Amino acid sequence: MNKMMNDQELHVLAVDDSNIDRKVIERLLKVSSFKVTVVDSGSRALQYLGLEDNNNNSTHFDDLKVNMIITDYSMPGMTGFELLKKIKNSSTLKEIPVVIMSSENILTRIDRCLEEGAEDYLLKPVKLSDVRRLKDSILKTENRGVEEVENNRKRKRGDDRLPVLPSSLSCHKNVSMSPPASPQQAAPKLC
């Protein structure tokens, strides 16, 4: 089962208004064997995810499952924090891990993002080691989700029930479980 998840290419939606930063994060993700879709704003990310349609301008790029969203914090229009809140408030998208990137190391901002549900907060410039760590985290989360689905499926089928021993193998046949009447009375022989 884990092999199946590792063979599958994980899909990341990368959001950054800076063309250079988009290219850098896209390259790091691709080197780490991610499928990458890049957009230049929070509203474009929401369009891609199907949460926001600008009249008839809906640009659903392709219908791939998104395994993670990595977004810049400081963007014009909608910040990465506002995007995070919209995703975490969505019943269909709230399980997708969201990682915030920023060149500003502001503790209150970091805490606020993590409290709102961010998976991680990365300082720019993002390094290859950061991306690899994220991949390991996503694989664990995805594998745990696949295992939970499989366990639920087994439970529904009854595959995880304990086997019932035939009565001929039971060694507690006709044994009284009440305490002896006196200390001198012998304890029953169990088998």
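Above this note sits the structure.
So, here is what we can say about the structure in this document. (Residues numbered from 1 in each chain as written. Predicted model: local features only at pLDDT ≥ 70, side-chain atom pairs only at ≥ 80, totals over all residues. Heavy atoms only, no water.)

### Let's talk about the packing of aromatic side chains
To describe a pair of aromatic rings, you give the distance between the ring centres and the angle between the ring planes.
Phase 1: Applying the stated criterion across every chain yields a total of one aromatic pair.
Phase 2: Aromatic pair Tyr-73 and Phe-81: ring centres 6.5 Å apart, planes at 40°, arrangement tilted. Both residues of the pair, Tyr-73 and Phe-81, count as buried.
Phase 3: The ring of Phe-34 is capped by Lys-135, whose NZ or CZ atom sits 5.6 Å from the centre of that ring. (Phe/Tyr/Trp six-rings, centres within 6.5 Å; stacked < 30°, edge-to-face > 60°. Buried < 20%, exposed > 50% of the residue type's maximum accessible area, 1.4 Å probe, protein only. Lys NZ or Arg CZ within 6 Å of the ring centre and 35° of its normal.)

### Considering the sheet that holds strand S3 (residues 68-72)
Within a sheet, each strand pairs with its neighbour through backbone hydrogen bonds, oriented either parallel or antiparallel.
Phase 1: On the basis of which strands lie adjacent, the open sheet formed by five strands has the order S2-S1-S3-S4-S5 and parallel pairing. Either end of the sheet is taken by a strand with one partner, and the two such strands are strand S2 (34-39) and strand S5 (120-123). With strand direction ignored, the average angle separating the axes of adjacent strands in the sheet is 20°.
Phase 2: Summarising the sheet, strand S1 (residues 10-15) and S3 pair through four bridges and their orientation is parallel. Opposite Val-15, over in S3, you have Thr-71 as the bridge partner.
Phase 3: Along the sheet face, helix H2 (residues 19-31) touches S1, S2, S3 and strand S4 (98-102) and points at about 165° away from the line of S2.
Phase 4: Here helix H5 (residues 107-116) sits on the sheet in contact with S4 and S5, set at roughly 150° to S5. (Pairing = 2+ DSSP bridges. Helix = DSSP H or I, 4+ residues; strand = E, 2+ residues; numbered from the N terminus. Axes fitted to C-alpha atoms, helices over the stretch in contact; angles between N-to-C directions. Contact = heavy atoms within 4.5 Å.)

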